[in-house]
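# Report on the structure
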Amino acid sequence: METGLRDKVVLITGAASGIGRATAISFAREHASLALIDIDGAGLSQLAQELGHDVQVATSIRDLSTRTGVESGIAESLRPYGGVVDVLVNNVGAGVWRIFDDLTDEDWDKTFQLNFFSYVRAIRAVLPAMRAARRGVIVNNASDLARQPEANPLDYSVSKAAVLSLTKALSRSEGPNIRINAVAPGPVWTPLWTKPGGLAETLGKVHKMPPDKAVEHEMSLRQLPLKRLGTPEEVANVIVFLSSDLASFVTGSTYGVDGGSIRSI
């Protein structure tokens, strides 16, 4: 099927690894032009090399938890495209496994600066160009925990719930020309889980098990019908769909890519 994404300019935050990286590769297969931002310069460079010379790629190394990082990163990555942007994928985010009593004001602020305010700032930066063009698509990466919170990680869940509210409210204000949707991944095997100090290692300490066994135990507690973690590519496929002409009548929606973790209708 024709997605209509050829030569479209796609801006992706948190693009160097995990879902962001898989999303960049998926858009490249649709012959889109890419503007990629991440704090991980080595990861961005490796991704750009992997994408090769058949795809136009602009990168910017920035800390997206700050206002200046978001604004300057977007300006730099879109400069080769004259500031044009057709699709924004707000993907950057992080989480730490911790209960309410362990969270300080500084922890809450750090989580929201990256997981929520980076989305607000990125949208604020691209909306003028999209409004002027009278077209555009924004896809926000949320989480199944936004709709079905668990006790851990609490601040992460709350920040992602804010992303869903932002998505719905802006879809109302920016129609009919700009479509805004969200994906809500369940547990997906990304560096958020696998890195040193990541969720797998943290769960191991919580459950007093080896990390791999702790992840299996956590999945059993969530009663996932598919009984496995997802892959970044499976989330990327849905992001590309929502960004494409195939989803031209979809806005204000949240698409679960969660292995069936959401138990409500």
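Please refer to the structure placed before this passage.
Now for a quick tour of the structure. (Residues numbered from 1 in each chain as written. Predicted model: local features only at pLDDT ≥ 70, side-chain atom pairs only at ≥ 80, totals over all residues. Heavy atoms only, no water.)

Moving on: the packing of helix 1 (residues 18-29) against helix 2 (residues 41-51). Axis separation between helix 1 and helix 2 bottoms out at 11 Å; the angle between their running directions is 25 degrees. On the basis of the axis angle, helix 1 is roughly parallel to helix 2. Classified by chirality, the crossing of helix 2 by helix 1 is right-handed. Contact with helix 1, carried on its side by Arg 21, Ala 24, Ile 25 and Ala 28, involves Leu 47, Glu 50 and Leu 51 of helix 2 and no other residues of that element. (Axes fitted to C-alpha atoms, helices over the stretch in contact; angles between N-to-C directions. Helix = DSSP H or I, 4+ residues; strand = E, 2+ residues; numbered from the N terminus. Parallel < 35°, antiparallel > 145°, perpendicular 65-115°, else oblique. Left-handed = near helix turned anticlockwise from the far one by under 90°. Contact = heavy atoms within 4.5 Å.)

The next thing to look at is the side chain of Asp 258. Locating Asp 258 in the fold gives a position in the segment after strand 7 (254-257). Look at Asp 258: it is buried, it has no salt bridge, and the nearest opposite charge is Arg 147 at 4.2 Å. Excluding residues that lie within four positions of it along the chain, Asp 258 makes contacts with Asp 144, Arg 147, Ala 184, Pro 185, Gly 186 and Leu 224. (Buried < 20%, exposed > 50% of the residue type's maximum accessible area, 1.4 Å probe, protein only. Lys, Arg positive; Asp, Glu negative; His and termini not counted. Salt bridge = Lys/Arg side-chain N within 4 Å of Asp/Glu carboxyl O.)

The full count for this structure, using the stated rule, is nine salt bridges. Note that Arg 98 is salt-bridged to Asp 107, the shortest N-O span being 3.5 Å. No difference in accessibility class separates Arg 98 from Asp 107, as the two residues are buried. Where salt bridges share partners, they join Arg 98, Asp 107 and Asp 155 into one cluster.

Moving on: the packing of helix 4 (residues 105-133) against helix 5 (residues 154-174). Running from amino to carboxyl end, helix 4 crosses helix 5 at an angle of 20 degrees, the nearest separation of the two axes being 9 Å. What the angle tells us is that helix 4 and helix 5 run roughly parallel. When the axes of helix 4 and helix 5 are compared, the crossing they make is right-handed. Residues Asp 107, Trp 108, Thr 111, Phe 112, Asn 115, Phe 116, Tyr 119, Val 120, Ile 123, Leu 127 and Arg 131 of helix 4 form the contact with helix 5, whose own contacting residues are Leu 154, Asp 155, Tyr 156, Val 158, Ser 159, Lys 160, Ala 162, Val 163, Leu 166, Leu 170 and Glu 174.

With that settled, the discussion passes to the environment of Pro 176. Inspection of the secondary structure assignment puts Pro 176 in the loop between helix 5 and strand 6 (178-185). The sequence separation of Pro 176 and Gly 41 amounts to 135 residues, and the corresponding C-alpha distance is 37 Å.

Attention now goes to the nonpolar core. With 33 residues, the main nonpolar core has Leu 11, Leu 88 and Ile 138 as its most contacted residues. It is helix 4 that contributes the most residues to this core, 10 residues altogether. Those residues within four positions of Ile 138 in sequence are excluded, and the remaining contacts are Leu 88, Asn 90, Ile 123, Val 126, Leu 127, Met 130, Ile 178, Arg 179, Ile 180 and Asn 181. Val 10, Ala 32, Val 89 and Val 238 belong to the second largest nonpolar core, which has 31 residues in total. (Core = buried A, V, L, I, M, F, W, Y, C linked by side-chain atoms within 4.5 Å.)

On to the pairing of strand 5 (residues 136-141). Counting buried residues along strand 5, six of its six residues qualify, which places the element largely inside the surrounding structure. Neither face of strand 5 is exposed, since Gly 136, Ile 138 and Asn 140 on one face and Val 137, Val 139 and Asn 141 on the opposite face are all buried. Relative to strand 5, strand 4 (residues 87-90) runs parallel, the two sharing four bridges. From the neighbouring strand, Leu 88 faces strand 5, where its bridge partner is Ile 138. In this fold, the crossover linking strand 4 to strand 5 by way of helix 4 has right-handed handedness. Pairing of strand 5 with strand 6 involves six bridges; the strand directions are parallel. In the strand pairing of strand 6, Val 137 is matched with Arg 179. (Pairing = 2+ DSSP bridges. Right-handed = clockwise from strand over helix to strand, strands pointing away.)

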